[in-house]
Amino acid sequence: MDRSRPAGFTDDHPALVLRNHGLLAVGESAARAFLRTYYLEKACEIHVTAQSGGVPLVVPPAEVCEYTAQQLAGEAESDFEDLDAYDLAWSALLRMLDRTCPDCETGVGANRPYVLRW
């Protein structure tokens, strides 16, 4: 048994929805893990809001769902590919944290982009 990652994670499923506990994600970096969690949480929020409308949800065709999953995993063939998107978004979030929480040391200026200290 592979003990290098929590049960349920596979290469095809880097994020989990834990019933009654929230979301969990892994990634090649802290940036990727955080952003996977962030976007999954937003998708869940949109889904719950849509369900609260009182009418049945329109579920996209299976091939659309599969393509969307491939896009999230970075496996979809596309005309647009931004290999720097995770790093750019993560850097922007750290800058925002520096502005909104001056007591938090992100280490951005010290060339340590993934270190957070309180």
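Before reading on, note that the structure itself is shown above.
Residues numbered from 1 in each chain as written. Predicted model: local features only at pLDDT ≥ 70, side-chain atom pairs only at ≥ 80, totals over all residues. Heavy atoms only, no water.

**Details of the pattern of salt bridges**
Taken as a whole and judged by the stated rule, the model has three salt bridges. A salt bridge links Glu28 to Arg36, with the shortest nitrogen-to-oxygen separation between them at 3.8 Å. According to the relative accessible area criterion, Glu28 is exposed, its value standing at 60%. (Salt bridge = Lys/Arg side-chain N within 4 Å of Asp/Glu carboxyl O. Buried < 20%, exposed > 50% of the residue type's maximum accessible area, 1.4 Å probe, protein only.)

**Some thoughts on helix α1 (residues 30-51)**
Compared with an ideal rise of 1.5 Å per residue, which puts 22 residues at 32 Å, α1 spans 32 Å between its outermost C-alpha atoms and is within 8% of the ideal. Within the sequence span of α1, burial applies to Ala31, Ala33, Leu35 and Arg36. Packed against the buried residues of α1 are β2 (22-25) and α3 (85-100). (Helix = DSSP H or I, 4+ residues; strand = E, 2+ residues; numbered from the N terminus. Expected span 1.5 Å × (residues − 1). Contact = heavy atoms within 4.5 Å.)

**Some thoughts on unusual backbone geometry**
Although it is not a glycine, Asn20 adopts a positive phi angle of roughly 65°. Here Asn20 shows up in the loop between β1 (15-18) and β2. Overall, Asn20 belongs to the exposed group, its relative accessible area being 76%.

**Considerations on a nonpolar patch on the surface**
Together, Phe34, Tyr38 and Tyr39 make up a nonpolar patch on the protein surface, roughly 310 Å² of accessible area in all. Relative to the helices and strands, Phe34 resides in helix α1. (Patch = residues over 30% accessible without salt bridge, like charges linked within 9 Å, V, L, I, M, F, W, Y side chains within 5 Å. Areas by Shrake-Rupley, 256 points an atom, 1.4 Å probe, with all protein chains shown as cover.)

**A look at the packing of aromatic side chains**
Across all of its chains, the model carries three aromatic pairs by this definition. Considering the side-chain rings of Tyr38 and Tyr39, the 5.2 Å spacing of their centres and the 80° angle between planes classify their relative orientation as edge-to-face. By relative accessible area, Tyr38 is classed as partly exposed at 35%. The rings of Phe34, Tyr38, Tyr39 and Trp90 are connected pair by pair, giving a single aromatic cluster. (Phe/Tyr/Trp six-rings, centres within 6.5 Å; stacked < 30°, edge-to-face > 60°.)

**Regarding the pairing of β2**
Where β1 lies against β2, four bridges are found, and the strand directions are antiparallel. Bridge pairing in β2 places Leu18 opposite Gly22. Linkage of β1 to β2, two consecutive antiparallel strands, is achieved through a turn of three residues, within which Asn20 is found at a positive phi near 65°. (Pairing = 2+ DSSP bridges.)

**Remarks on the packing of α1 against α3**
It is at 9 Å that the axes of α1 and α3 come closest, and there the two elements cross at 85°. By the angle between their directions, the pair α1 and α3 is classed as roughly perpendicular. Of α3, the residues touching α1 (which contributes Ala30, Ala31, Arg32, Phe34, Leu35 and Arg36) are Tyr86, Ala89, Trp90 and Leu93. Looking at the contact of α1 with α3, its residues break down into eight nonpolar, no polar and two charged. (Axes fitted to C-alpha atoms, helices over the stretch in contact; angles between N-to-C directions. Parallel < 35°, antiparallel > 145°, perpendicular 65-115°, else oblique. Nonpolar A, V, L, I, M, F, W, Y, C, P; charged D, E, K, R; others polar.)

**Digging into the environment of Leu94**
Positionally, Leu94 belongs in helix α3. The buried category is assigned to Leu94, whose relative accessible area is 4%. Each C-alpha atom, one on Leu94 and one on Glu105, is 9.5 Å from the other, the two residues being 11 residues apart in sequence.

**Quick notes on the side chain of Arg36**
Topologically, Arg36 is positioned in helix α1. Under the relative-accessibility criterion, Arg36 is labelled buried at 12%. Within the structure, the side chain of Arg36 is placed 2.7 Å from the backbone oxygen of Val26, a separation counted as a polar contact. Setting aside residues no more than four positions away along its own chain, Arg36 makes contact with Pro14, Ala25, Val26, Gly27, Glu28 and Tyr86. (Polar contact = N/O pair within 3.5 Å; in protein donor to acceptor, adjacent residues only side chain to side chain.)

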